[in-house]
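Residue-level listing of the chains:
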Amino acid sequence: PVTDRYFALQGKGYELNHPFNVLFFVVQIVSFASFFYLFLKFSNPESGAMNPWFFIQLLTGISVFILVKYFIERIIGNIFNIEKLVDRYLYEKLNYASLLSLFVLLGNVVFFYILNEEFTLFQGFGVIALVLFLITLLSSFKRNWTLILRHFFYFILYLCALEIAPFVILYKLVV
């Protein structure tokens, strides 16, 4: 996580359909869906009889959200003829998200089986996961800083359109 040697060595032959990447994608979806499920369970304990399909709905929603966002970014990279750059960035982003999902999965297991009623600790865990996500995002920006400065307008456009807007839209749909 500190150096970019891993991305320089492993990022050259990135394939989305590699079994290892598919496995990490499944782990990512399961860990984030179980995190949101636990959050809703802890924040509203009297609704213990939630919809039995709710976890599957979370799995489906998160996987569709991530895949649609990924394919839109690939299409934009193809349109602007910057496929290699977008592939490298998506590889970094998906690897960081996969590593973070392992941390979240471990925390989910702890909070599901050991600390079942500790909502404040769970909120603290969520804040730590969010801070780790922001650190990985800043690390990726730092690694690509010269490229960002050369195309600053496009970077701001990308940040607003493809990183922030989907979460705002998702928030508006949920609330």
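Structure: see above.
The model shown is predicted, which means the values in this text are computed figures rather than measured ones.

Asker: Quick question: what am I supposed to make of the overall build of the protein here?
Answerer: Across its full length, the protein holds seven helices and zero strands. Relative to its 175 residues, the protein shows a buried fraction of 33%. Within the protein, counting contacts between residues at least 6 apart in sequence, those at least 24 apart form 74% of the total. Summed over its atoms, the accessible surface of the protein is roughly 11900 Å², and 74% of this surface lies on carbon and sulfur atoms.

Asker: Is there a simple way to think about the packing of helix H2 (residues 19-43) against helix H4 (residues 83-113) in this case?
Answerer: A pair of packed helices is captured by two measures, namely the crossing angle of their axes and the spacing between those axes. Two elements in contact, H2 and H4, have axes separated by 8 Å at closest approach and are oriented at 40°. Classified by the angle their axes make, H2 and H4 are oblique. Helix-helix and strand crossings are classified by hand; for H2 and H4 the assignment is left-handed. Taking contact as the criterion, the partners of Phe24, Val27, Gln28, Ser31, Phe32, Ser34, Phe35, Leu38, Lys41 and Phe42 in H2 are, on H4, Ala97, Ser98, Ser101, Leu102, Val104, Leu105, Asn108, Phe111 and Phe112.

Asker: Just checking my understanding: could you explain the pattern of salt bridges for this structure?
Answerer: Opposite charge on two side chains makes pairing possible when the charged atoms of those side chains draw close. Under the definition given, this model contains three salt bridges. The partner of Lys93 in a salt bridge is Glu73, and the shortest N-O contact between them spans 2.9 Å. Placement of Lys93 in helix H4 and of Glu73 in helix H3 (residues 54-79) is noted, with a sequence separation of 20 residues between them. Note that Arg143 and Glu92 form a salt bridge whose closest N and O atoms lie 3.2 Å from each other. Taken as a pair, Arg143 in helix H5 (residues 119-143) and Glu92 in helix H4 lie far apart in primary sequence, 51 residues in all. Each of Lys69, Glu73 and Lys93 takes part in one network of salt bridges that share partners.

Asker: Please clarify how the layout of surface pockets should be interpreted in this entry.
Answerer: Any empty space left between atoms is shown by rolling a water-sized probe over those atoms. The space that makes up the largest pocket amounts to roughly 1900 Å³. Lining the largest pocket we find 50 residues, and of these Phe32, Phe36, Phe65, Phe167 and Leu170 sit closest to its centre. Going through the elements one at a time, H2, H3, H4, H5 and helix H7 (152-174) are the ones with two or more residues in the lining of the largest pocket. Here the lining of the largest pocket is composed, by residue class, of 39 nonpolar, seven polar and four charged.

Asker: Any chance you could explain the nonpolar core here in plain terms?
Answerer: The nonpolar side chains of a soluble globular protein tend to be buried with one another. By size, the foremost hydrophobic cluster in this structure holds 17 residues, and its most contacted members are Phe35, Phe42, Ile62, Val104, Phe111 and Phe122. With seven residues, the top contributor of residues to this core is H2. In contact with Phe111, other than residues within four places in its own chain, are Phe42, Asn116, Glu118, Leu121, Phe122 and Phe125. Of all hydrophobic cores here, the second largest spans seven residues; its members include Tyr70, Val86, Tyr89 and Leu90.

Asker: Got a minute to help me understand H3 in this structure?
Answerer: Residues lying three or four places apart along an α-helix face the same way, a consequence of the helix completing one turn every 3.6 residues. Compared with the 38 Å implied by 1.5 Å per residue over 26 residues, the 37 Å span of H3 between its first and last C-alpha is a close match. The inward-facing, buried residues of H3 abut H2, H4 and H7. Positioned one or two residues after H3, Asn81 has a phi angle of 60°, which is positive.

Asker: Mind showing me how you'd approach the packing of aromatic side chains here?
Answerer: We describe a pair of aromatic rings using the distance from one ring centre to the other and the angle between the two ring planes. Under the counting rule described, the total for this entry stands at 14 aromatic pairs. Judged by centre distance (5.8 Å) and plane angle (70°), the ring pair of Phe35 and Phe36 falls under edge-to-face. Of the residues examined, Phe35 reaches a relative accessible area of 13% and is grouped as buried. Taken together, the aromatic side chains of Phe35, Phe36, Phe39, Phe42, Phe103, Phe111, Phe119, Phe122 and Phe125 make up a single cluster linked through ring pairs.

Asker: Looking at this structure, I do not really get the side chain of Ser63. What am I missing?
Answerer: Within the secondary structure layout, Ser63 lies in helix H3. Among the polar contacts made by the side chain of Ser63, one reaches the main-chain carbonyl oxygen of Thr60 at a distance of 2.9 Å. Sequence-distant contacts of Ser63, defined by excluding residues within four places in its chain, comprise Phe25 and Ile29.

Each value, and the rule that gives it
Residues numbered from 1 in each chain as written. Predicted model: local features only at pLDDT ≥ 70, side-chain atom pairs only at ≥ 80, totals over all residues. Heavy atoms only, no water. Helix = DSSP H or I, 4+ residues; strand = E, 2+ residues; numbered from the N terminus. Buried < 20%, exposed > 50% of the residue type's maximum accessible area, 1.4 Å probe, protein only. Contact = heavy atoms within 4.5 Å. Areas by Shrake-Rupley, 256 points an atom, 1.4 Å probe, with all protein chains shown as cover. Axes fitted to C-alpha atoms, helices over the stretch in contact; angles between N-to-C directions. Parallel < 35°, antiparallel > 145°, perpendicular 65-115°, else oblique. Left-handed = near helix turned anticlockwise from the far one by under 90°. Salt bridge = Lys/Arg side-chain N within 4 Å of Asp/Glu carboxyl O. 1 Å grid on protein atoms, 1.4 Å probe; cavity = no way out; pocket = protein on both sides within 12 Å on 5 of 7 lines; lining within 4 Å. Points joined across faces, edges and corners; volume = space filled by probe spheres on them. Nonpolar A, V, L, I, M, F, W, Y, C, P; charged D, E, K, R; others polar. Core = buried A, V, L, I, M, F, W, Y, C linked by side-chain atoms within 4.5 Å. Expected span 1.5 Å × (residues − 1). Phe/Tyr/Trp six-rings, centres within 6.5 Å; stacked < 30°, edge-to-face > 60°. Polar contact = N/O pair within 3.5 Å; in protein donor to acceptor, adjacent residues only side chain to side chain.

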